[in-house]
Amino acid sequence: MRNKPVLIYLLIALISGGLTGCKASGNRVSKPDSREIKILSYNVRNARGMDEVTDYDRVARVIKRIDADCVAIQELDSATVRSNGVVVLEELARRTGMYASYSKSIDYQGGGYGVGVLTKEKPIRKEIVSLPGSEEKRSLLLVELPEYVIGSTH
């Protein structure tokens, strides 16, 4: 992937934004050429709110209200029993009008569980990196866009 300094800068912003727990947080990051990219890191808990109600429209409204260029999303089911066969990221992409990229970290209940990225622009490519660790398996999803690269992990 090209633009490694931008990637590092964006990953730092995502990590600091991702430490907010289950809250959505939008960050503006200035690229080296002074253009801004609005980033949202959002642990969606499979679109299940603090009230334990699964509501894709509610999550989509938050994403649309923040109006980020890219959204790093954690805790996504993909066609699992728990999600009633729904591919949660695709559902959110459809409701927000954004492009979806997904990384399955583990097999779970007949489907997958992992992280994703939603972007306003169509991605050029994605890369999935398995991360080391002895507990729950994790992955890093890198999504390349025309002007920058974004990463998402949990």
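All values derive from a computational prediction rather than experimental measurement. (Residues numbered from 1 in each chain as written. Predicted model: local features only at pLDDT ≥ 70, side-chain atom pairs only at ≥ 80, totals over all residues. Heavy atoms only, no water.)

Colleague: Teacher, can you tell me more about the packing of helix α2 (residues 56-66) against helix α3 (residues 88-96) here?
Modeller: Geometrically, a packed helix pair is captured by the angle between its two axes and the distance between the axes. Two numbers describe how α2 lies on α3: the axes approach to 9 Å, and their chain directions differ by 55 degrees. Judged by the inter-axis angle, α2 sits oblique to α3. In this structure, α2 meets α3 at a crossing whose hand is right-handed. Seen from α2, the contacting residues are Tyr56, Asp57, Val59, Ala60, Ile63 and Lys64; seen from α3, they are Val88, Glu91, Leu92, Arg95 and Thr96. Across the contact of α2 with α3, the residue classes break down as six nonpolar, one polar and four charged. (Axes fitted to C-alpha atoms, helices over the stretch in contact; angles between N-to-C directions. Helix = DSSP H or I, 4+ residues; strand = E, 2+ residues; numbered from the N terminus. Parallel < 35°, antiparallel > 145°, perpendicular 65-115°, else oblique. Left-handed = near helix turned anticlockwise from the far one by under 90°. Contact = heavy atoms within 4.5 Å. Nonpolar A, V, L, I, M, F, W, Y, C, P; charged D, E, K, R; others polar.)

Colleague: Honestly, the pairing of strand β6 (residues 125-131) in this entry has me stumped. Any pointers?
Modeller: Where a strand is regular, its side chains alternate between the two sheet faces. Looking at chain direction, β6 and strand β7 (residues 138-144) are connected through seven bridges and run antiparallel. Bridge pairing in β7 links arginine 125 to glutamate 144. Joining the antiparallel neighbours β6 and β7 is a turn of six residues, in which glycine 133 adopts a positive phi near 155 degrees. (Pairing = 2+ DSSP bridges.)

Colleague: I would appreciate a short explanation of the packing of aromatic side chains in the present structure.
Modeller: Given two aromatic rings, their pairing is described by the distance between the two centres and the angle made by the two planes. With the rule as written, the count across this model stands at one aromatic pair. Consider the rings of tyrosine 108 and tyrosine 113, whose centres lie 6.0 Å apart with planes at 50 degrees: the pair is tilted. Residue class for tyrosine 113 comes out buried when judged on its relative accessible area of 13%. (Phe/Tyr/Trp six-rings, centres within 6.5 Å; stacked < 30°, edge-to-face > 60°. Buried < 20%, exposed > 50% of the residue type's maximum accessible area, 1.4 Å probe, protein only.)

Colleague: Sorry if this is basic, but what is going on with empty space enclosed by the protein here?
Modeller: Taking a probe equal in size to a water molecule and rolling it over the atoms shows the remaining empty space. With the rule as written, the count across this model stands at one cavity of 30 Å³ or more. Empty space within the largest cavity amounts to approximately 50 Å³. In terms of lining, the largest cavity is formed by Ser105, Tyr113, Gly114, Val115, Glu136, Lys137, Arg138, Ser139 and His154. Elements that contribute at least two residues to the lining of the largest cavity include exactly β5 (111-119) and β7. (1 Å grid on protein atoms, 1.4 Å probe; cavity = no way out; pocket = protein on both sides within 12 Å on 5 of 7 lines; lining within 4 Å. Points joined across faces, edges and corners; volume = space filled by probe spheres on them.)

Colleague: Could you clarify how one ought to interpret the sheet that holds β6 in this entry?
Modeller: Two strands in a sheet stick together by hydrogen bonds in their backbones, pointing the same way (parallel) or opposite ways (antiparallel). Overall, antiparallel pairing links the three strands, which are arranged β6-β7-β8 in an open sheet. This sheet does not close on itself; its edge strands, each paired only once, are β6 and β8 (149-152). When the angles between neighbouring strand axes are averaged without regard to direction, this sheet yields 20 degrees.

Colleague: What's the story with α2 in this structure? I'm lost.
Modeller: Along an α-helix, residues three or four apart share an orientation, since each turn contains 3.6 residues. For α2, the full list of buried residues reads Tyr56, Val59, Ala60, Val62, Ile63 and Ile66. One side of α2 holds all its buried residues, which, seen down the axis, span an arc of 155 degrees. In α2, the exposed positions angled more than 90 degrees off the buried face are occupied by Arg61, Lys64 and Arg65. Where α2 starts, the residue carrying a side-chain oxygen 3.1 Å from the main-chain nitrogen of aspartate 57 turns out to be aspartate 55. Trailing α2 by a residue or two, aspartate 67 shows a phi angle of about 55 degrees, which is positive. (Arc of directions from axis to C-beta. Polar contact = N/O pair within 3.5 Å; in protein donor to acceptor, adjacent residues only side chain to side chain.)

Colleague: Looking at this model, I keep getting lost on the nonpolar core. Mind explaining?
Modeller: Where a protein is soluble and globular, its nonpolar side chains tend to be buried together. Counting residues in each nonpolar core, the largest one holds 20 residues, and the members touching the most others are Tyr42, Ile63, Val71, Ile73, Leu76, Leu92 and Leu118. Broken down by element, this core gets its largest block of residues, five residues, from α2. Among residues more than four places away in sequence, those in contact with isoleucine 73 are Tyr42, Val44, Ile63, Leu89, Leu92, Val115, Gly116, Leu118 and Ser152. Counting residues in each nonpolar core, the second largest holds 10 residues, with Ile37, Cys70, Val115 and Val143 among its members. (Core = buried A, V, L, I, M, F, W, Y, C linked by side-chain atoms within 4.5 Å.)

Colleague: Before we go on, may I ask you to explain the confidence of the model for the protein chain in this structure?
Modeller: Across the protein chain, the average pLDDT comes to 84, with 78% of residues at or above 70. Counting interchain partners and residues more than four positions distant, the pLDDT-below-50 stretch residues 12-25 has 26 contacts. (pLDDT = per-residue confidence, 0-100.)

Colleague: Before we go on, may I ask you to explain the side chain of threonine 80 in this structure?
Modeller: Summarising the element assignment, threonine 80 is placed in the loop between β3 (70-78) and α3. Residue classification places threonine 80 among the buried residues on the basis of a relative accessible area of 2%. Within the structure, the side chain of threonine 80 is placed 2.8 Å from the side chain of aspartate 77, a separation counted as a polar contact. Only 3.0 Å separates the side chain of threonine 80 from the backbone nitrogen of serine 83, close enough to count as a polar contact. Those residues within four positions of threonine 80 in sequence are excluded, and the remaining contacts are Gly85, Val86, Tyr108, Gln109, Gly111 and Gly112.

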